[in-house]
Amino acid sequence: MKAHALPAARFPATPALLRQNSRHFHSPKFLTLSSLTSPPTTTHLKSEIDANKMEFPDKQMFILGMGYVGQLFAQQLKNEGWDVAGTCTSVAKKKVLEQKGFDILVFDAMEPEWKVLDRLRCCTHLLVSVPPTVDIGDPILQRAETFKASLADGNLRWLCYLSTTSIYGDASGAWVDENYFPKPSNNLAKMRLESEEGWLKLGQDLGLSTYVFRLGGIYGPGRSAIDTILKKEELSERQKRRANRNFTSRVHVADICQVLKASISTQIQRKIYNVVDDDPASRIEVFAFAQQLIQQRWPGLIDVSDNSIISKLPGGAGKRVSNAHVKKDLGVQLLYPSYRSGLQSIIHNMEKPILRCG
Ligand SMILES: NC(=O)c1ccc[n+]([C@@H]2O[C@H](COP(=O)([O-])OP(=O)(O)OC[C@H]3O[C@@H](n4cnc5c(N)ncnc54)[C@H](OP(=O)(O)O)[C@@H]3O)[C@@H](O)[C@H]2O)c1
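Residues numbered from 1 in each chain as written. Predicted model: local features only at pLDDT ≥ 70, side-chain atom pairs only at ≥ 80, totals over all residues. Heavy atoms only, no water.

**Considering the nonpolar core**
Nonpolar side chains tend toward joint burial in soluble globular proteins. Where we set the bar: For our purposes a nonpolar core is just a set of buried Ala, Val, Leu, Ile, Met, Phe, Trp, Tyr and Cys residues, chained together by side-chain atoms within 4.5 Å. Partly exposed describes any residue whose relative accessible area lies between the buried limit of under 20% and the exposed limit of over 50%, with all areas from a 1.4 Å probe on protein chains only and scaled to the type maximum. Note on conventions: DSSP H or I runs of at least 4 residues are helices, E runs of at least 2 residues are strands, and numbering of each starts at the N terminus. Any two residues whose heavy atoms approach within 4.5 Å at even a single point are treated as in contact.
In terms of nonpolar packing, the biggest core is built from 34 residues, with Met61, Leu127, Phe213 and Leu260 touching the most fellow members. Every element with two or more residues in this core is listed here: β1 (60–64), α4 (68–79), β2 (83–88), β5 (158–164), β7 (209–215), α10 (253–265), β10 (272–275) and α12 (324–330). Here this core gets six residues from one element, more than from any other, and that element is α10. If sequence neighbours within four positions are ignored, Met61 has contacts with Phe73, Leu77, Trp82, Asp83, Val84, Ala85, Cys123, His125, Leu126, Leu127, Trp158 and Ile264. Phe62, Val130, Leu208 and Ile272 belong to the second-largest nonpolar core, a separate cluster that totals 27 residues.

**What to know about the site of the ligand**
Note the cut-off: Summary of the distance rule: residues count as near a molecule or strand when at least one heavy atom falls within 4 Å of that molecule or strand. Nitrogen and oxygen atoms within 3.5 Å of one another constitute a polar contact, given that in protein one can donate a hydrogen and the other can accept it, and given that sequence-neighbouring residues count only through two side-chain atoms. Note on areas: Shrake-Rupley, 1.4 Å probe, and residue coverage restricted to the protein chains presented here. Each residue gets one of three labels, nonpolar for Ala, Val, Leu, Ile, Met, Phe, Trp, Tyr, Cys and Pro, charged for Asp, Glu, Lys and Arg, and polar for the others, Gly among them.
Taken together, 24 residues form the shell around the ligand, and within it Val69, Thr89, Lys93, Ala109 and Arg192 come nearest. Separating an oxygen atom of the ligand from a side-chain N or O atom of Arg192 is a distance of 2.7 Å. Here the ligand has 890 Å² of accessible area as a free molecule, and 77% of this is covered by the chains. Those elements that place two or more of their residues in the shell around the ligand are α4, β5 and β8 (217–219). No other element matches the three residues that β5 contributes to the shell around the ligand. A breakdown of the residues in the shell around the ligand according to their chemical character gives twelve nonpolar, eight polar and four charged.

**A short note on the packing of aromatic side chains**
Which entries qualify depends on this criterion: The aromatic pairing rule takes the rings of Phe, Tyr and Trp, using the six-membered ring of Trp, and pairs them if the centres are within 6.5 Å, calling planes under 30 degrees apart stacked, those over 60 edge-to-face and the rest tilted. Only when the NZ atom of a Lys or the CZ atom of an Arg is both within 6 Å of the ring centre and within 35 degrees of the ring normal do we say a charge sits over the ring.
Across all of its chains, the model carries eight aromatic pairs by this definition. Chaining the aromatic ring pairs together yields one cluster made of Phe107, Trp114, Phe147, Tyr161 and Trp199. For Lys271, the ring lying beneath its charged end belongs to Tyr211, and the centroid distance is 5.7 Å.

These results come straight from atomic positions and should not be treated as a statement about function.
Pasting the structure below:
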């Protein structure tokens, strides 16, 4: 039977039915006949949405950790007709996110209320963006069996864990791809590597398509070298050290979302991908370019002689992270292949800021 020939579901969708249907539906949402013939009321629209959710159950995303990446990804999916739910750790943030139109649950993995995750059972896709902590490791995997129980008899089929290129450690400026043997140089990076292994195993145990994306430094609107300069944010000593590395990798948030979507719609063999741009560069270079852009756009707005981001401490050579596999296997063409085009687009879309004194 063709997908569009099926009647709208008018009965409770069991997990088994959802699973069965999800193998058939890969088309965008269709409007049911009644939505075309009757004036849309709120109740009417809601029941149409619910019916469509049951009719096209293959686009149900759950985002564990609606942080910077999670929010942009959620927005893009919503615009494409997905049903998206996500978590944050506080009621205050839940309110803010709900005002932006997101469907939010409060879940803190340090004090987990597993009932909150019941919603996960009817989701088809799960993005995990919760980072590990130094003392504890991955707060969710600490209770992997309980978490797995939250998914039992569910409809999940895709799981993606957001990791970081810091697991590679310093490679003396060499190019590293996903086959490079990780040499994490601090506890957090070690924990991250353990998290990757844990999530891959969990996904495998559940028979899901499971991916780990190792992200470079994430930047985008509201979070970039331009914002740091304009907000006069003080960098930590660790950030200053990193600023001194010859090479660090970064990626624009829009490109992360692009890669995530490609991994949903493409059959790929590899489990782990680097997600970075084409242009590894030192942070000093990036900040100098950001300063230049600000100076061109709003001459005199900032003190161009300010070099407070530069530390006297050595930063190491760093590494040049390769994105060859993600481009080849997922067919991704980066929107922002260099920090240059990324920062240009950010400043282009910025209002003139009002700077703090001092
Ligand atoms: N920043 C970078 O340059 C960079 C580079 C590579 C990889 N990464 C990693 O990539 C992922 C996505 O990055 P991002 O910048 O979007 O991260 P982010 O903005 O910091 O978001 C992290 C999310 O995880 C949630 N979270 C933190 N601790 C939690 C806990 N104990 N229980 C439940 N949820 C918890 C946060 O909750 P709240 O919303 O309540 O805060 C937030 O929603 C993160 O894992 C990040 O560490 C970041």
